[in-house]
Amino acid sequence: MARIDFLRTAMKDITQTGSVWESSRFLIKKLLDPVDWSTATNIVELGTGNGVITKAILERMRPDARMTAYEINTDFLELTRTRIAADKRCTLSDESAELLTANYGDGSVDTIISSLPFAMMDERLQETILQQIHLVLKPGGQYLQYQYAPTKYRMITRRFKRVRLDYTLLNIPPAFVYSCMK
Ligand SMILES: C[S@@+](CC[C@H](N)C(=O)[O-])C[C@H]1O[C@@H](n2cnc3c(N)ncnc32)[C@H](O)[C@@H]1O
């Protein structure tokens, strides 16, 4: 059911959503496996869609960890709210990812997990969001991002100390996964 809800909502504004299908469990595993869940207590998710990754993050998060999950599409935000069933560790926000520095101090976040569709965004917005992701992360903090093509490789990786690029065919469409450390 959630998959059909995703398709229906995504089709209303495909340029904002950037995909027509929720992420597969294979992609989610590749995206979340590199995270050090034993130390991450301040977590941010960008672009929840129907909450499929939000739920998977909550399943891995420490009981005392906190997450803010951003989603600008209000239909998706409601689907996420339903999916996570009022888990007190997660705050949902309808603000855009470009407001990260308005909500977090420099070097205050352990982990940022993003599904943002950079390829569909205006270039200045992409740069602004990436700059803010880097600013709010702690030294040693982790940034995980998936994309459907490696076209943003330079833009995503040039700010980070360590970067690993992985790939999965087991998603619609196949996806590249960036695992970056500040
Ligand atoms: C490719 S979908 C990913 C959905 C879900 N996380 C998944 O993997 O199945 C990207 C999501 O990012 C959201 N989004 C796009 N621009 C955004 C922004 N500036 N701030 C927050 N969310 C945004 C879209 O509305 C969409 O739900």
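Rules behind the numbers
Residues numbered from 1 in each chain as written. Predicted model: local features only at pLDDT ≥ 70, side-chain atom pairs only at ≥ 80, totals over all residues. Heavy atoms only, no water. Helix = DSSP H or I, 4+ residues; strand = E, 2+ residues; numbered from the N terminus. Buried < 20%, exposed > 50% of the residue type's maximum accessible area, 1.4 Å probe, protein only. Contact = heavy atoms within 4.5 Å. Polar contact = N/O pair within 3.5 Å; in protein donor to acceptor, adjacent residues only side chain to side chain. Salt bridge = Lys/Arg side-chain N within 4 Å of Asp/Glu carboxyl O. 1 Å grid on protein atoms, 1.4 Å probe; cavity = no way out; pocket = protein on both sides within 12 Å on 5 of 7 lines; lining within 4 Å. Points joined across faces, edges and corners; volume = space filled by probe spheres on them. Nonpolar A, V, L, I, M, F, W, Y, C, P; charged D, E, K, R; others polar.

A. Up close: the environment of S96. Of note, S96 is situated in the loop between β3 (90-93) and α6 (100-103). On the basis of relative accessibility, which here comes to 19%, the residue S96 falls in the buried class. Residues S96 and L137 lie 41 residues apart in sequence; the distance between their C-alpha atoms is 17 Å. Apart from the residues lying within four places of it in its own chain, the contact partners of S96 are Y70 and I72. Polar side-chain contacts of S96 include one of 2.9 Å to the side chain of E98.

B. Region of the structure containing the pattern of salt bridges. The full count for this structure, using the stated rule, is 11 salt bridges. For D64, the salt bridge goes to R62, with nearest N and O atoms at 2.7 Å. Take R62: its relative accessible area is 28%, and that puts it in the partly exposed class. Each of the salt bridges in this network shares a partner with another, and the network as a whole consists of K30, R164 and D166.

C. Here's a closer look at the layout of surface pockets. Space inside the largest pocket adds up to approximately 570 Å³. Forming the boundary of the largest pocket are 40 residues, of which Q16, T17, S115, L116 and P117 lie nearest the centre. Broken down by element, the residue count for the lining of the largest pocket peaks at 3 residues, all from helix α2 (residues 14-17). Among the residues making up the lining of the largest pocket, the classes are represented as 20 nonpolar, 15 polar and 5 charged. The volume enclosed by the second largest pocket comes to roughly 170 Å³. Lining of the second largest pocket is provided by R3, W21, E22, S23, S24, R25, F26, I28, V52, N171 and I172. Of all the elements, helix α3 (residues 25-32) adds the most residues to the lining of the second largest pocket, at 3 residues. Grouping the constituent residues of the lining of the second largest pocket by class yields 5 nonpolar, 3 polar and 3 charged.

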